[in-house]
Amino acid sequence: APGAISQTVLGLAVQVGTPEYQRREVVVAPDGVELLLDFKEGPHTPEDAPLMVILHGIGGNSDSRLARLLADACVEQGWRAVVYNRRGHGQSTLIPAPLVQPPPPPSEANTDKVLYKVEKA
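Residues numbered from 1 in each chain as written. Predicted model: local features only at pLDDT ≥ 70, side-chain atom pairs only at ≥ 80, totals over all residues. Heavy atoms only, no water.

Digging into the environment of Gly88
Relative to the helices and strands, Gly88 resides in the loop between strand E4 (80-85) and helix H3 (97-100). Separated by 29 residues in sequence, Gly88 and Gly59 place their C-alpha atoms 9.8 Å apart. Setting aside residues up to four positions removed in sequence, Gly88 forms contacts with Thr93 and Leu94. (Helix = DSSP H or I, 4+ residues; strand = E, 2+ residues; numbered from the N terminus. Contact = heavy atoms within 4.5 Å.)

What to know about the pattern of salt bridges
Under the definition given, this model contains 4 salt bridges. Its salt-bridge partner being Arg23, residue Glu25 comes within 2.3 Å of it at the nearest N-O pair. Overall, the relative accessible area of 31% leaves Glu25 in the partly exposed class. Between Asp31 and Arg87 there is a salt bridge, and its shortest N-O distance comes to 2.9 Å. A residue pair is termed long-range when its members are at least 10 positions apart, and Asp31 in the loop between strand E1 (23-28) and strand E2 (34-40) and Arg87 in the loop between E4 and H3 qualify at 56 residues. (Salt bridge = Lys/Arg side-chain N within 4 Å of Asp/Glu carboxyl O. Buried < 20%, exposed > 50% of the residue type's maximum accessible area, 1.4 Å probe, protein only.)

Remarks on the confidence of the model for the chain
Of the residues in the chain, 64% have a pLDDT of 70 or more, and the chain-wide mean is 76. Predicted confidence in the chain is weakest over helix H4 (residues 108-120), with a mean pLDDT of 53, and strongest over helix H2 (residues 65-76), with 92. (pLDDT = per-residue confidence, 0-100.)

Here it is as structure tokens:
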């Protein structure tokens, strides 16, 4: 639909809101994936102010236009905001960190184990 395409193009062309998150926390999921939470609040926001949890769209992250707009609107209301960056979005990891790291260099001990398993199969 032409309307949907123009909304997408306009959304990319017009920068709205200022992310300027004051704090980022990393939450490690049980499977080892690192999920990022970006917090935004005003300079005089009380610690007990309501906290709005913002979930970005399918292809977004905390820098997405709508996430920034919502975070700014929360701050204007005197609330705190946190944007949850889903697995694989923004700087959240997609797979657990140990799986991303390169394998250890080969050694004779490792090679012998692999050969033994291959021979047994």
